[in-house]
Amino acid sequence: MMHWKKLGQIFNPLDHDLGGNCEYFAQSPQTLVLKDRVRVYFSTRESQEHGMFVSKIRYVDFKKDFSSIIEVANHDVLPLGELGTFDEHGIFPINPLRVGDKIYAYTCGWSRRESVPVETSTGLVQSNDDGKTFSRIGLGPVFSASPAEPVLVGDSFVQAYNGSYHMFYIFGQRWKESTLTEPPARVYKIAQAWSDDGITWERNDGKAIIADVLNEDECQALPTVLKISERYHMYFCFREATDFRKNPSRGYRLGYAYSDDLKDWTRADELAGIAKSKSGWDNEMMCYPHIFEVDGEAYLLYNGNEFGRFGFGLAKLNMN
Amino acid sequence: MANWIKKGLLFKTADHQQGDWMQEFAQAPCVVVRDDTVRVYFSTRPKPDSGLYVSYSGFADLDRADLFKVKKVSAKPILSLGKLGTFDEFGTYPVSVVKNDEGKYVCYYAGWTRCSSVPFNVAIGMGISNDDGETFTKIGDGPVLSYSLDEPFVLSGPKIRRFNNLWCLWYIAGKKWIMVNGKPEPVYKIRMATSSDGINWKKENRDLIETRVADEAQASSDVFYKDGKYHMFFCYRYGANYRGKEFGYRIGYACSDDMYNWTRMDEKVGIDVSSDGWDGEMISYPHVFELDGKIHMFYLGNQVGKEGFGLATLEEGTLV
């Protein structure tokens, strides 16, 4: 059983100038640990005409013990993609990865469709200024749909273990047709891919690695993995496919799985050691988790109610 | 220099309409030579729905002894349109067919989806036939060849060949969308990938054919092997205002010793637009095949095959 101590909401976008017309949302916090600070990237939203919006990347720098904020970025950390590209209408989320003295990031790019709202793919970008800005390695995605993973490849989280790269990500199995009360609803699952160079990836096409606990329409998102001792711990979020936006009993909550060989994963939500609060900012929803280590301590960042409209919070693992 | 003798418009869609799905167009012909017939797969369309087309693929069986005799036309499409939100929801065009090691027909096709900032995106799918090429079952709901770092969008026009135990796929990949009179238009170039099994592909990741006109778009990279050389007939157009004679499609030619490195020699192509008639404004989408000692070309005329496709036959001994 994991034991987490909630430290509360640590970032609310309304308290900061994020630049552009960005106001609400700081979604899917993900970290890059620097010498004197922890840089937490997140996606905020810039509104456009006709009630549409695009997701853009910002970051906030915390002291390494999270006692205070050093700086909040109000510039575009990564510009949106060009006309007709996979990440033209948003980047959400971004997963930074240090490789030697280089800093890369895997992104989830969004582009709008006609019959369904959106399609996504995974991009790869690079930084030459300690993660202040990133630029693309190519206009297209590094990882996208395949015969058995037909839509919505994204949420990539990459780590190097035992000399090769492991990607945990999600793929869409299908879209469910719209109904009188629901727009088209996507169904997506967590999967795993492997690579020697971070660019060419192998996958078990269409194989979901995390068992459903709700039903076959369960939507699983944002896997994040941390190795502690000899065990790999995965957190993610999951929900029902429909009526999940405003109905807390069907909305996102955190799930947990573990593996000792990076191949077979045992789902064990009952061991997650963290759940929605009785009241407050995370009492209706918990989503988009990110686990990481700083100075020997393990932390969990996550979003609360309304998909992170009011920012994110932190929990610390009791290592005993 | 090749000398192509034009034989005229061979397949007029208006004479062979099927159901509501084959009303206009016979595009991108591709041949399978059978015992008594030559089967030509091509792509066709219903009447447009609120100005927008979907496209299907079908076939016509031509008399092997007299190609102008149409013996049979497919009563239904060879491929279904894709499910909600998938890459081929709005079109399966064009298609290219070859036999696999088990003697089954396999097709590669371009699947079309509709986007919001640009009109469409395209990726390449694969199907296998269990009824001798009458219909094809997709190997999955997703594409077999999709977007990547260097090929960001519009992967279309697959032409499958099998040379030296290798599956070879020539296709086009989008480079950029340009705005012409306020409308996005795609620029695409001829590319190539190879595979040992027809499913897992290694992209060459480079443009094969040099560009000659402004924002040139290249298509229909049709390769055949003859007299110790690989010959490619293809078509190309200007990036802008290409729907008329001046900047519209023409057929080009390139030659290679190894099928990877190509020399463009349009001056030897030996076919051009006619002074008037069905191919008086543009010629495009060549497909060259050998039949009973002769070399033939199917190709499209004005409005990229809106009326149907025509035939030209090579004067013996004039292949470059």
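Report on the accompanying structure.

Observations regarding the overall build of chain A
Next up, step 1: Regarding its fold elements, chain A presents one helix and 20 strands.
Next up, step 2: In terms of overall size, chain A behaves like a compact globule, its C-alpha atoms giving a radius of gyration of 18 Å where 320 residues would be expected to give roughly 20 Å.
Next up, step 3: For chain A, the spread of C-alpha atoms along the three principal axes comes to 50 × 45 × 40 Å.
Next up, step 4: A buried classification covers 57% of the 320 residues belonging to chain A.
Next up, step 5: When contacts within chain A are restricted to residue pairs at least 6 apart in sequence, those whose partners lie at least 24 apart make up 53%.
Next up, step 6: Total accessible area computed for chain A in this model is approximately 13000 Å², and 46% of it derives from carbon and sulfur atoms.
Next up, step 7: Here chain A holds 35 positive side-chain charges and 44 negative ones, and the gap between their average locations is 3 Å.

Some words on the overall build of chain B
Next up, step 1: Tallying secondary structure elements over chain B gives one helix and 20 strands in all.
Next up, step 2: Here chain B has a C-alpha radius of gyration of 18 Å; the compact-globule value for 320 residues is 20 Å, and the two agree.
Next up, step 3: C-alpha extents for chain B along the principal axes are approximately 50 × 45 × 40 Å.
Next up, step 4: Burial statistics for chain B: of 320 residues in total, 64% are counted as buried.

Observations regarding the sheet that holds strand β11 (residues 164–176) of chain A
Pairing between the strands of a sheet is mediated by backbone hydrogen bonds and can be parallel or antiparallel.
Residues and elements named next belong to chain A.
Next up, step 1: Read across the sheet, four strands follow the order β10-β11-β12-β13 without closing on themselves; strand pairing throughout is antiparallel. Looking at which strands have only one partner, the edges of the open sheet turn out to be β10 (151–161) and β13 (202–203).
Next up, step 2: The pairing of β11 with strand β12 (residues 185–195) spans eleven bridges and is classified as antiparallel. Within the sheet, the bridge partner assigned to F171 lies in β12 and is K189.

Details of the pairing of strand β6 (residues 92–99) of chain B
All names here are of chain B.
Next up, step 1: For β6, the buried fraction is high: seven of the eight residues fall into the buried class.
Next up, step 2: In terms of strand pairing, β6 meets strand β7 (residues 105–114) through six bridges, oriented antiparallel. Looking across to β7, one finds that V98 is bridged to V106.
Next up, step 3: Counting the residues between successive antiparallel strands, the hairpin from β6 to β7 contains five residues, one of them, G103, with a positive phi of roughly 80 degrees.

Observations regarding the side chain of D279 of chain B
Residues and elements named next belong to chain B.
Next up, step 1: Relative to the helices and strands, D279 resides in the loop between β17 (263–264) and β18 (284–291).
Next up, step 2: Residue classification places D279 among the buried residues on the basis of a relative accessible area of 3%.
Next up, step 3: A polar contact is formed between the side chain of D279 and the side chain of K6, at a distance of 3.0 Å.
Next up, step 4: Dropping the residues within four chain positions of it, D279 is found in contact with K6, V273, S274, Y299, G301 and N302.

A closer look at the nonpolar core
Among soluble globular proteins, nonpolar side chains are generally buried collectively.
Next up, step 1: Formed by 58 residues in total, the largest nonpolar core has its most connected members in F11, W170, M232, W262, Y285, F298 and F309 of chain B.
Next up, step 2: It is strand β15 (residues 229–237) of chain B that provides the largest number of residues to this core, a total of five residues.
Next up, step 3: Membership of the second largest hydrophobic core comes to 47 residues, among which are V187, A221, L262 and F307 of chain A.

What to know about the packing of aromatic side chains
All names here are of chain A.
Next up, step 1: What the rule picks out here adds up to 52 aromatic pairs over all chains.
Next up, step 2: A centroid spacing of 5.7 Å and a plane angle of 20 degrees characterise the contact between F292 and Y299, whose relative ring orientation is stacked. Each member of the pair, F292 together with Y299, is buried.
Next up, step 3: In textbook terms, an aromatic cluster arises when at least three aromatic residues are bridged by ring pairs, as seen for F92, W110, F244, Y252, Y288 and F307.
Next up, step 4: The cationic tip of R309 hangs over the ring face of Y24; the distance from NZ or CZ to the ring centre is 4.0 Å.

Some details on the interface of chain B and chain A
Next up, step 1: Facing 28 residues of chain B, the contacting portion of chain A comprises 27 residues.
Next up, step 2: At the boundary of chain B with chain A, total buried surface from both sides reaches about 2200 Å², with 63% on carbon and sulfur atoms.
Next up, step 3: Of all residues in chain B, L84, S116 and L149 of chain B bury the most surface against chain A, accounting for 32% of the area lost on that side.
Next up, step 4: Run the count over chain B and chain A and you get zero salt bridges.
Next up, step 5: Here chain B and chain A share ten residue pairs in polar contact (both at pLDDT 80 or more) between them.
Next up, step 6: Among the secondary structure elements, those contributing two or more residues to the side of chain B that touches chain A are β7 and β11 (166–180) of chain B.
Next up, step 7: Top contributing element to the side of chain B that touches chain A by residue count: β11 of chain B, with three residues.
Next up, step 8: Residues of the side of chain B that touches chain A, tallied by class, amount to 14 nonpolar, ten polar and four charged.

A short note on the environment of V97 of chain B
Residues and elements named next belong to chain B.
Next up, step 1: Along the chain, V97 falls in strand β6.
Next up, step 2: Taking C-alpha positions, V97 is 8.7 Å from G133, a pair spaced 36 residues apart along the chain.
Next up, step 3: Not counting residues within four places of it along the chain, the set of residues in contact with V97 comprises C30, V32, Y41, Y105, V106, C107, F136 and I160.

Details of the sheet that holds strand β20 (residues 312–317) of chain A
Residue and element names in this part refer to chain A.
Next up, step 1: The strand order across the open sheet built from four strands is β1-β20-β19-β18, with neighbouring strands paired in antiparallel fashion. Of all the strands in the sheet, the pair left with one neighbour each is β1 (4–11) and β18 (287–294). Pairs of neighbouring strands in the sheet enclose a mean axial angle of 25 degrees, with direction left out of account.
Next up, step 2: Judged from the five bridges that link them, strand β19 (residues 297–303) and β20 form a sheet pairing that is antiparallel. Paired with Y299 across the bridge in β20 is K316.

Quick notes on the rules
- Residues numbered from 1 in each chain as written.
- Chains lettered and ligands numbered in written order.
- Predicted model: local features only at pLDDT ≥ 70, side-chain atom pairs only at ≥ 80, totals over all residues.
- Heavy atoms only, no water.
- Helix = DSSP H or I, 4+ residues; strand = E, 2+ residues; numbered from the N terminus.
- Rg over C-alpha atoms; globule rule 2.2 N^0.38 Å.
- Buried < 20%, exposed > 50% of the residue type's maximum accessible area, 1.4 Å probe, protein only.
- Contact = heavy atoms within 4.5 Å.
- Areas by Shrake-Rupley, 256 points an atom, 1.4 Å probe, with all protein chains shown as cover.
- Lys, Arg positive; Asp, Glu negative; His and termini not counted.
- Charge placed at Lys NZ, Arg CZ, Asp CG, Glu CD.
- Pairing = 2+ DSSP bridges.
- Polar contact = N/O pair within 3.5 Å; in protein donor to acceptor, adjacent residues only side chain to side chain.
- Core = buried A, V, L, I, M, F, W, Y, C linked by side-chain atoms within 4.5 Å.
- Phe/Tyr/Trp six-rings, centres within 6.5 Å; stacked < 30°, edge-to-face > 60°.
- Lys NZ or Arg CZ within 6 Å of the ring centre and 35° of its normal.
- Buried area = accessible area lost by both parts, 1.4 Å probe.
- Salt bridge = Lys/Arg side-chain N within 4 Å of Asp/Glu carboxyl O.
- Nonpolar A, V, L, I, M, F, W, Y, C, P; charged D, E, K, R; others polar.
- Axes fitted to C-alpha atoms, helices over the stretch in contact; angles between N-to-C directions.

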